[in-house]
Amino acid sequence: MAQCSPPFHLSATPLGKNLMLRFLTAGESHGQALVAILEGVPAGLEIRREFIETRLAARQSGYGRGARMKIERDRAEFLSGVRDGRTLGTPIALLIPNKDWANWQKVMAPFKADAIAVEDRAVHRPRPGHADLAGALKFMHTDMRSVLERASARETAAKTAVGAIGEMLLLEFDISIVAHVVRIGGVAADTSRLSPKQMSRASEKSPVRCADTVAARKMMKAIDEAGSEGDTLGGIVEAIAFNVPAGLGSHAQHDRRLDARLAAAAMAVPAIKAVEIGEGVRLGQLRGSQAHDEIFYSKKKGGRSAGFYRKTNRAGGIEGGISNGENIVVKATMKPIPTLKKPLRSVSLKTKRPLTAAVERSDVCAVPAASVIVRAAVALEIANAMIEKFGGDSLTEMRRNFESYIDSMRKLR
Ligand SMILES: Cc1cc2nc3c(=O)[nH]c(=O)nc-3n(C[C@H](O)[C@H](O)[C@H](O)COP(=O)(O)O)c2cc1C
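The structure presented is a predicted model; accordingly, all values stated were derived computationally and were not measured.

1. What about the site of the ligand?
Close to the ligand lie 19 residues; Ala271, Lys335, Thr339, Ser362 and Asp363 are nearest. One of the backbone N or O atoms of Ala271 is found 2.9 Å from an oxygen atom in the ligand. Take Thr339: an N or O atom from its side chain is 2.4 Å from an oxygen atom of the ligand. Protein coverage of the free-state accessible area of the ligand, which is 630 Å², stands at 87%. Here the residues of the shell around the ligand sort into 10 nonpolar, 4 polar and 5 charged.

In structure tokens form, the structure reads like this:
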């Protein structure tokens with residue numbers, strides 16, 4: 001008799017798993033709109049539209065971005081989950097219309113697309129470094145537009161909007177996040193002497209979102225030079241979360257480790273190819289005596305780690321997969337943009353003959369924008385860990401749990 005058991009992948013995802021903060025996005029780069037559903041935000045959180053719009057505008061700006069950024073003026077429309085400016089504790093659905101849709105309807109229409117327009121915009125010359133070829137082989141698409149439309153970083157507008165909601169939740173607990181650019185190509189910034197406030201203010205004002213004004217000028221020059229040679233540039237962004245309580249994440253299981261979760265969240269941003277927590281990369285070159293952050297105690301120090309503190313923060317605020325009360329520092333390396341005006345060698349998907357890769361309208365450098373998206377990703381993951389630890393269906397309940405935990409930590413003997 002035939003067995004009726006469900007396929008393995010269904011039985012391995014029991015009801016109740018992953019019920020903290022979670023989100024999904026949908027939408028093609030030149031489709032009608034992007035949509036996002038964010039679920040797990042407690043009720044009663046005030047949603048400030050200006051806050052979301054500021055983050056969306058930041059993602060669109062930045063020296064080195066292409067012409068498309070001038071067409072779009074992203075606005076998130078709330079479809080559900082928010083009433084009279086506060087969350088309901090129900091799924092939040094957002095829609096970000098694509099302003100360019102009118103020009104792409106014939107190509108991207110779900111039904112009745114115009115065959116000539118579709119063929120006109122078809123992509124048969126895969127770009128090295130993009131999802132074009134791997135996606136075409138995987139999904140058996142003959143027109144690689146069917147891959148690149150979703151692989152495009154346009155999707156990150158939706159992530160930025162939900163990240164802003166995560167950040168608003170964190171701000172309720174006085175946890176703030178700063179993200180800035182620390183390298184573009186061969187130019188590195190030095191922000192070691194800046195306070196968090198100075199770093200935030202200077203990077204917000206900078207066209208490359210870099211707080212070191214001297215380095216910022218050199219970065220813009222490097223972008224101009226690369227652009228004029230038909231080339232592109234990558235770099236490194238840093239996101240720092242301030243005032244995070246000790247105790248988020250856990251050493252107890254691989255998928256509860258906060259460092260692993262933050263690394264996955266940052267790596268999920270397109271073109272991010274390496275993630276470092278604290279001084280992670282440099283630690284491999286040091287002896288233990290130089291690498292770890294010694295522990296001190298002062299009654300006067302912040303309650304978020306019960307008075308324990310460090311004079312250095314090489315661990316980037318996480319030990320054993322658990323936040324230790326120091327600032328959480330995540331650095332993410334972005335590779336250079338794959339679409340080149342001076343295209344690389346490739347092979348036609350149709351004819352299998354050598355040719356040069358396709359050229360789409362493209363950015364020369366999107367590292368400043370990546371800093372905004374990595375900030376959103378880090379905010380969402382820390383918000384997720386906060387909800388996991390302090391739970392509650394309402395913000396009031398979550399706040400009570402939080403304060404009670406801080407109090408208990410202080411009394412620990
Ligand atoms: C904000 C941002 C903007 C981007 N702009 C472009 C672009 O204009 N052209 C391009 O080819 N890739 C761009 N990318 C990179 C691609 O989205 C990415 O390299 C591609 O999806 C392949 O994914 P992978 O690099 O993670 O392997 C951008 C990435 C980000 C984060």
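2. Considerations on the sheet that holds strand β2 (residues 33–39)
Judged by pairing direction, the sheet is antiparallel, and its 4 strands sit side by side in the order β1-β2-β6-β3 without closing on themselves. Looking along the sheet, the strands with just one partner apiece sit at the ends: β1 (22–26) and β3 (77–80). Within the sheet, the average angular offset between the axes of one strand and its neighbour, ignoring direction, is 20 degrees. As defined by bridge partners, β3 adjoins strand β6 (residues 92–97) across 3 bridges and the pair is classed as antiparallel. In the strand pairing of β6, Glu77 is matched with Leu95.

3. Brief notes about unusual backbone geometry
What you tend to see is this: most non-glycine residues have negative phi, and most peptide bonds are trans. The phi dihedral of Asp174 falls on the positive side, at around 60 degrees, and the residue is not glycine. Mapped onto the fold, Asp174 is located in the loop between α8 (156–171) and β7 (176–184). On the basis of relative accessible area, Asp174 is assigned to the exposed category, the value being 53%. Even without being glycine, Ala271 reaches a positive phi, approximately 75 degrees. The topology assignment puts Ala271 in the loop between α11 (258–267) and β10 (272–277).

4. So, the packing of helix α2 (residues 49–60) against α8
For any two helices packed against each other, the geometry is given by the interaxial angle and the distance between the axes. At their nearest, the axes of α2 and α8 sit 9 Å apart, and the two run at 135 degrees to each other. Our classification of the angle between α2 and α8 gives oblique. Relative to α8, the crossing made by α2 is right-handed. Side by side, α2 and α8 meet where Phe51, Ile52, Arg55, Leu56 and Arg59 of the first sit next to Thr156, Ala157, Thr160, Ala161, Ala164, Ile165, Glu167, Met168 and Leu171 of the second. In terms of residue class, the contact of α2 with α8 is made up of 9 nonpolar, 2 polar and 3 charged.

5. Quick look at the packing of aromatic side chains
Aromatic ring pairs are defined here through the distance separating the ring centres and the angle between the ring planes. The final tally for this structure, using the stated rule, is 5 aromatic pairs. Arranged with centres 5.8 Å apart and planes meeting at 35 degrees, the rings of Phe296 and Tyr309 form a pair that is tilted. Remark: Tyr309 occurs in strand β12 (residues 308–310) and Phe296 occurs in strand β11 (residues 295–297); sequence separation between them is 13 residues. For Phe296, a relative accessible area of 27% gives the class partly exposed. One aromatic cluster in this structure is built from Phe173, Phe390, Phe402 and Tyr405. In this structure, Lys311 packs its charged tip against the face of Phe296, placed 4.1 Å from the ring centre.

6. What about the pairing of strand β15 (residues 328–334)?
The buried count for β15 comes to 6 of 7 residues, which makes it a mostly enclosed element. Inspection of the sheet shows strand β9 (residues 235–242) paired to β15 by 7 bridges, in the antiparallel sense. Counted as the bridge partner of Ala239 is Val330 from β15.

About the cut-offs
Residues numbered from 1 in each chain as written. Predicted model: local features only at pLDDT ≥ 70, side-chain atom pairs only at ≥ 80, totals over all residues. Heavy atoms only, no water. Near = heavy atom within 4 Å. Polar contact = N/O pair within 3.5 Å; in protein donor to acceptor, adjacent residues only side chain to side chain. Areas by Shrake-Rupley, 256 points an atom, 1.4 Å probe, with all protein chains shown as cover. Nonpolar A, V, L, I, M, F, W, Y, C, P; charged D, E, K, R; others polar. Pairing = 2+ DSSP bridges. Helix = DSSP H or I, 4+ residues; strand = E, 2+ residues; numbered from the N terminus. Axes fitted to C-alpha atoms, helices over the stretch in contact; angles between N-to-C directions. Buried < 20%, exposed > 50% of the residue type's maximum accessible area, 1.4 Å probe, protein only. Parallel < 35°, antiparallel > 145°, perpendicular 65-115°, else oblique. Left-handed = near helix turned anticlockwise from the far one by under 90°. Contact = heavy atoms within 4.5 Å. Phe/Tyr/Trp six-rings, centres within 6.5 Å; stacked < 30°, edge-to-face > 60°. Lys NZ or Arg CZ within 6 Å of the ring centre and 35° of its normal.

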